[in-house]
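Here's the letter readout for the chains.
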Amino acid sequence: MASKTAAAKDIITLHGSAAIVSEFFCYAANSILYNRAVYPEESFVKVKKYGLPMLLIEDESVKSFLSNLTSQLSEWLEAGKLQRVVLVIMSKATGEVLERWNFRIETDNEVVEKGVSREKSDKEIMREIQAIMRQVASSITYLPCLDETCVFDVLAYTDTDVAVPFTWIESDPKLIANPQMVKLHAFDTKIHKVDTLVSYKNDEWDEEE
């Protein structure tokens, strides 16, 4: 007897989607900090996540920062108020912005307003996230070497009616003049779609004739 199979769909709620996206950002931030050598290799411990070996930083201050960030992002995501998250890498000596890892978020407003759920396979979401994480891990192949000591910051772009928590401050956008850009993969929970783009400072030598 002939039969056919179909991928099982999982129910995605607003709360569940917010948790997926905020957790993704935490792991992505750790991966960026490791692969861009913002912190030394020995500062990280290897774990398995998304079916991939991932690195998590062990520095307590950074862990606390990212944990608090994840909680705040999840709250904004669940309220449908978060538009964009940007991880900025800067020169420690000069403060010059060298890279901007830009995560643009589109939210299904019907889910936020009416409380409905959506359907998508968890495995499909994981495969989409895997593709982004692999691109971050291979960033050394398409981004210039950061040959100076760097620091990082995180910017969050929210709706204008969102009160700024006391642990956050208003900031300039920390833009790069005439940047090069690389578009990475996206992932979509069917409630939140996340597009990823990294922009970086031009190598001035390449601009010379």
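Residues numbered from 1 in each chain as written. Predicted model: local features only at pLDDT ≥ 70, side-chain atom pairs only at ≥ 80, totals over all residues. Heavy atoms only, no water.

Another aspect to go through is the overall build of the protein. Counting its secondary structure elements, the protein contains five helices and nine strands. Secondary structure elements in the protein, listed N-terminal to C-terminal, are β-α-β-β-α-β-β-α-β-α-β-β-β-α. Out of the 209 residues belonging to the protein, those deemed buried represent 42%. Of all intrachain contacts in the protein linking residues separated by at least 6 positions in sequence, the fraction that spans at least 24 positions is 72%. Surface accessibility of the protein: about 12,000 Å² in total, with carbon and sulfur atoms responsible for 50%. (Helix = DSSP H or I, 4+ residues; strand = E, 2+ residues; numbered from the N terminus. Buried < 20%, exposed > 50% of the residue type's maximum accessible area, 1.4 Å probe, protein only. Contact = heavy atoms within 4.5 Å. Areas by Shrake-Rupley, 256 points an atom, 1.4 Å probe, with all protein chains shown as cover.)

With respect to the element layout, Ser22 can be found in helix α1 (residues 14-35). Within polar-contact distance, the side chain of Ser22 engages the backbone oxygen of Ala19 at 3.3 Å. Setting aside anything within four residues of it in sequence, one finds Ser22 in contact with Thr70, Leu73, Ser74 and Leu77. (Polar contact = N/O pair within 3.5 Å; in protein donor to acceptor, adjacent residues only side chain to side chain.)

Moving on, we get to the packing of aromatic side chains. Tallying each qualifying case throughout the model produces seven aromatic pairs. Here Tyr27 and Tyr50 contribute two aromatic rings whose centre-to-centre distance is 5.7 Å and whose plane-to-plane angle is 75°, an arrangement assigned as edge-to-face. A residue pair is termed long-range when its members are at least 10 positions apart, and Tyr27 in helix α1 and Tyr50 in the loop between β2 (44-49) and β3 (52-57) qualify at 23 residues. For the pair Tyr27 and Tyr50, a shared accessibility class is recorded, and that class is buried. When the ring of Tyr39 is compared with that of Phe152, the centres are 6.3 Å apart and the planes differ by 75°; the resulting orientation is edge-to-face. (Phe/Tyr/Trp six-rings, centres within 6.5 Å; stacked < 30°, edge-to-face > 60°.)

Before going further, it helps to spend a moment on the sheet that holds strand β4 (residues 82-91). The strand order across the open sheet formed by five strands is β7-β4-β5-β9-β8, and the pairing between neighbours is antiparallel. If you trace the sheet from one side to the other, it starts and ends with β7 (150-158) and β8 (180-188), each paired once. If you compare each strand with its neighbour and ignore which way they point, the axes differ by 15° on average. Pairing between strand β5 (residues 97-107) and strand β9 (residues 192-200): nine bridges, direction antiparallel. (Pairing = 2+ DSSP bridges. Axes fitted to C-alpha atoms, helices over the stretch in contact; angles between N-to-C directions.)

A few words now on the nonpolar core. Membership of the largest hydrophobic core comes to 51 residues, with the highest contact counts inside it found for Phe24, Phe25, Leu87, Trp101 and Met133. If one sorts the elements of this core by residue count, α1 sits on top with 11 residues. If sequence neighbours within four positions are ignored, Phe24 has contacts with Tyr50, Phe103, Ile129, Ile132, Met133, Phe187 and Val194. Core analysis: the next-biggest nonpolar cluster, separate from the first, contains six residues, Val86, Val88, Met90 and Leu155 among them. (Core = buried A, V, L, I, M, F, W, Y, C linked by side-chain atoms within 4.5 Å.)

Pairing between side chains of opposite charge can happen when the charged atoms of each approach one another. Scanning all chains against the criterion turns up 12 salt bridges. The salt bridge partner of Glu106 is Arg104, with a shortest N-O separation of 3.0 Å. Its relative accessible area of 37% is what places Glu106 among the partly exposed residues. Classification of Arg104 as partly exposed rests on a relative accessible area of 33%. Where Asp108 meets Arg118, a salt bridge forms, and the shortest distance between an N and an O atom there is 2.9 Å. (Salt bridge = Lys/Arg side-chain N within 4 Å of Asp/Glu carboxyl O.)

Let's shift gears to the packing of α1 against helix α2 (residues 60-78). Look at α1 against α2: their axes get within 8 Å of each other, and the N-to-C directions meet at 150°. As the angle between them shows, α1 and α2 are arranged roughly antiparallel. Handedness of the crossing formed by α1 with α2: right-handed. Residues Leu14, His15, Ala18, Ala19, Val21, Ser22, Glu23, Phe25, Cys26, Ala29, Asn30 and Leu33 of α1 lie in contact with α2, whose contacting residues are Val62, Leu66, Leu69, Thr70, Leu73, Ser74, Leu77 and Glu78. Considering only residue class, the contact of α1 with α2 consists of 13 nonpolar, five polar and two charged. (Parallel < 35°, antiparallel > 145°, perpendicular 65-115°, else oblique. Left-handed = near helix turned anticlockwise from the far one by under 90°. Nonpolar A, V, L, I, M, F, W, Y, C, P; charged D, E, K, R; others polar.)

With that settled, the discussion passes to α1. With 22 residues, α1 should cover 32 Å at 1.5 Å per step; its first-to-last C-alpha distance of 31 Å lies within 8% of that length. Phi for Ala37, located one or two positions after α1, is positive at around 55°. (Expected span 1.5 Å × (residues − 1).)

Taken by themselves, the reported measurements are silent on function.
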